[in-house]
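Listed below are the residues making up each chain.
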Amino acid sequence: MTDVACNTMRAAVLTAPGTFELREVPRPLAGRDEVLIKISRVGICGTDFHIFNGHYAAENLPMIPGHEFTGEVAELGEGVRDLTVGQPVVVDMNIGCGRCFWCRRNEILNCPDMQQMGITMDGAFSEYLAVPARLVIPAPSDIPSEVLALTEPLACVVRCARKANITFGQSVVVLGAGPIGNLHVQLLRTIGAAPIIVADLSEERVQMALDVGADFGVTDPDALESLVRDKTAGRGADVVIESVGLPARYRQATQLIRKGGHIAAFGITGAEEALDLNIVETILQENSIKGSVAGMGQDMHDALTLLAHARIKTDRFTAASFDLEEIQQAFDTLSERPGDLKTQIVI
Ligand SMILES: NC(=O)c1ccc[n+]([C@@H]2O[C@H](COP(=O)([O-])OP(=O)(O)OC[C@H]3O[C@@H](n4cnc5c(N)ncnc54)[C@H](O)[C@@H]3O)[C@@H](O)[C@H]2O)c1
Ligand SMILES: [Zn+2]
Ligand SMILES: [Zn+2]
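Residues numbered from 1 in each chain as written. Chains lettered and ligands numbered in written order. Predicted model: local features only at pLDDT ≥ 70, side-chain atom pairs only at ≥ 80, totals over all residues. Heavy atoms only, no water.

So, on to the coordination of the zinc ion (ligand 3). Every protein donor of the zinc ion (ligand 3) is accounted for by Cys97 (SG), Cys100 (SG), Cys103 (SG) and Cys111 (SG), and the metal-donor separations fall at 2.3 to 2.4 Å. Coordination at the zinc ion (ligand 3) is tetrahedral, judged from the 4 donor atoms that bind it and the angles of 106 to 115° they form at the metal. Read in sequence order, the donor residues for the zinc ion (ligand 3) give the motif C-x2-C-x2-C-x7-C. Cys103 gets classed as buried once you look at its relative accessible area, which sits at 12%. (Donors = N, O, S within 2.8 Å, 3.2 Å for Na, K, Ca; no water. Tetrahedral: all angles 85-135°; square planar, octahedral: opposite > 155°, others 65-115°. Buried < 20%, exposed > 50% of the residue type's maximum accessible area, 1.4 Å probe, protein only.)

Structural data, given as structure tokens:
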């Protein structure tokens, strides 16, 4: 069924929360200015897990999720000139309308009509996906597909560091040493941030973060503030990245930054959660907080470059893989495997 001439393909359709069905579905065609991608690897992201559990994008079911993918060009639609069949690629999942106020400012993630592959439309847990050619990024042919499939999650982290203007010599606290917290730590190490302090309730995850570049780690949230003060000459951190998604951690972040410090708002909380900020303190100390969501455009290019030049240790992210036929098992067992920082589906 993998022959490109065949007009159906295998796909994992999420028919209802908690239930994937392996189906033969029509193989998409590459329309004008589109490229058909033959998918090889797809990572499972926390967002996919939320979709699987019916907590996110439930109105879009039945659908094929999957947005952390890589593959090769299988077919060029009319008008596509600068790509070749067989070329390995990664794909920016965010499709802006191209015409609105935000798209014209390259702030596509705020486009009111933005589509996201695998979230608002069918994605990559399937053999093929047709995507706009402008979102396809050629990848070096010597990078394994399990590494290329990390481009999208790394791009989210790259965007966060860019939005927070993190540079060498800055002290940074990362709240949360999950898959993404671990990527934050590695990027910070590459940038030259120092010291890098990480907090997670899981000893195993803190240890992983220490193994890939964190200088200090704690599992007791109450021990964090004194550690941060101790390692920053009493000032507090230049930057705190919240990568847990809990209002209490955001509140803690306000206590951990130095005067003039910055909170990178990254971990996703419930939609109604609010943060009490002391306004006068924020003004007088010139503190800041800035959101960062997803990775797009240059973030994808930069993430691919970092992976291509081995700036990120990927072994803890590439060890767990399941065939497309086993996708139900992959999702069902996800929370039982905290040591697998990433689970990937092999198509
Ligand atoms: N803004 C973006 O671009 C973007 C992109 C991807 C993910 N996210 C979000 O970033 C967050 C992290 O992603 P992930 O995939 O690593 O999530 P995850 O849920 O796998 O990891 C979160 C980690 O936080 C730890 N944790 C829980 N409570 C804690 C506490 N009180 N103090 C310290 N640590 C605690 C958990 O043990 C876990 O290791 C999530 O909220 C996710 O939705 C945001
Ligand atoms: Zn994702
Ligand atoms: Zn738009």
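Read on for the rest.
Right, let's get into the domain arrangement of the protein chain. On domain assignment, one finds that the protein chain holds domain 1 (8-154 + 295-346) and domain 2 (165-291). Relative placement of domain 1 and domain 2: their C-alpha centres are 29 Å apart. Counting residues at the interface gives 11 residues for domain 1, matched by 12 residues for domain 2. Counting the surface lost from both domain 1 and domain 2, the interface buries some 1,100 Å², and carbon and sulfur atoms represent 67% of this. Of all residues in domain 1, the largest losses of buried area upon contact with domain 2 belong to Lys313, Phe317 and Leu341, amounting jointly to 39% of the total for that side. Linking domain 1 with domain 2 are 2 residue pairs in polar contact (both at pLDDT 80 or more), by the criterion used here. Secondary-structure elements contributing two or more residues to the side of domain 1 that touches domain 2 are helix H4 (151-163) and helix H11 (315-318). Of the residues that constitute the side of domain 1 that touches domain 2, the class distribution is 7 nonpolar, 1 polar and 3 charged. (Domains from an automatic or database assignment. Contact = heavy atoms within 4.5 Å. Buried area = accessible area lost by both parts, 1.4 Å probe. Polar contact = N/O pair within 3.5 Å; in protein donor to acceptor, adjacent residues only side chain to side chain. Helix = DSSP H or I, 4+ residues; strand = E, 2+ residues; numbered from the N terminus. Nonpolar A, V, L, I, M, F, W, Y, C, P; charged D, E, K, R; others polar.)

Our next topic: unusual backbone geometry. At the junction of Leu61 and Pro62, the peptide bond is cis and its omega measures out at -5° in the coordinates. One can find Pro62 in the loop between helix H1 (46-52) and strand E4 (68-76). For the peptide bond that leads from Ala194 to Pro195, omega is -10°, which places it in the cis range. Inspection of the secondary structure assignment puts Pro195 in the loop between helix H5 (179-191) and strand E11 (196-199). Although it is not a glycine, Ala57 adopts a positive phi angle of roughly 55°.

Another point: the state of the cysteines. Put plainly, two cysteines are in a disulfide when a covalent bond ties their sulfur atoms together. Applying the stated rule across the entire model yields 0 disulfides. You can see Cys156 has no disulfide; the closest cysteine sulfur is in Cys45, sitting 7.1 Å from it. (Disulfide = S-S within 2.5 Å.)

Cys45 (SG) and His67 (NE2) make up the full set of protein donors to the zinc ion (ligand 2), lying at 2.1 to 2.4 Å. Here Cys45, found in the loop between strand E3 (34-44) and H1, pairs with His67, found in the loop between H1 and E4; they are 22 residues apart in sequence, far enough to count as distant. Given a relative accessible area of 2%, His67 falls into the buried group.

All right, on to the site of ligand 1 then. Every one of the 21 residues lining ligand 1 counts as a neighbour, but Asp200, Arg205, Ile268, Ser292 and Ala294 are closest to it. Between Arg205 and ligand 1, the recorded distance is 2.8 Å, taken from a side-chain N or O atom to an oxygen atom. One of the side-chain nitrogen or oxygen atoms of Arg249 is found 3.1 Å away from a nitrogen atom of ligand 1. Against a free-state accessible area of 850 Å², the protein chains account for coverage of 78% of ligand 1. Counted by class, the shell around ligand 1 contains 11 nonpolar, 7 polar and 3 charged residues. (Near = heavy atom within 4 Å. Areas by Shrake-Rupley, 256 points an atom, 1.4 Å probe, with all protein chains shown as cover.)

Attention now goes to the pairing of E11. On E11, burial covers both faces: Ile196 and Val198 on one face and Ile197 and Ala199 on the other are all buried. The pairing of strand E10 (residues 172-175) with E11 spans 4 bridges and is classified as parallel. For Val174, the partnering residue across the bridge sits in E11 and is Val198. Handedness of the crossover joining E10 and E11 through H5: right-handed. Pairing geometry for E11 and strand E12 (residues 216-218), over 3 bridges, is parallel. Bridge pairing links Ala199 to Val218 in E12. Following the backbone out of E11, through helix H6 (residues 203-211) and into the adjacent parallel E12, one traces a crossover that is right-handed. (Pairing = 2+ DSSP bridges. Right-handed = clockwise from strand over helix to strand, strands pointing away.)

What follows concerns the side chain of Arg205. Topologically, Arg205 is positioned in helix H6. Here Arg205 sits buried without a salt bridge, and the closest side chain of opposite charge, Asp200, lies 5.3 Å off (N-O distance). For Arg205, the contacting residues outside a window of four places in its chain are Ala177, Gly178, Pro179, Asn182, Asp200, Pro338 and Leu341. (Lys, Arg positive; Asp, Glu negative; His and termini not counted. Salt bridge = Lys/Arg side-chain N within 4 Å of Asp/Glu carboxyl O.)

Taken as a whole and judged by the stated rule, the model has 7 aromatic pairs. Pairing Phe20 with Phe52 gives two aromatic rings, centres 5.8 Å apart and planes at 20°, and the pair type is stacked. With Phe20 in strand E2 (residues 19-26) and Phe52 in helix H1, the pair connects residues that are 32 residues apart, well separated along the chain. For the pair formed by Phe20 and Phe52, the shared burial category is buried. Centroid distance Phe20 to Phe125: 6.3 Å. Interplanar angle 90°. Geometry classified as edge-to-face. Taken together, the positions of Phe20 in strand E2 and Phe125 in the loop between strand E7 (115-116) and strand E8 (128-132) put the pair 105 residues apart, joining distant regions of the chain. The pair Phe20 / Phe125 is uniform in exposure class, with both members buried. One aromatic cluster is present, built from ring pairs that chain together Phe20, Phe49, Phe52, Phe125 and Phe331. Over the ring of Tyr128 we find Arg27; its NZ or CZ atom is 5.3 Å from the centre of that ring. (Phe/Tyr/Trp six-rings, centres within 6.5 Å; stacked < 30°, edge-to-face > 60°. Lys NZ or Arg CZ within 6 Å of the ring centre and 35° of its normal.)

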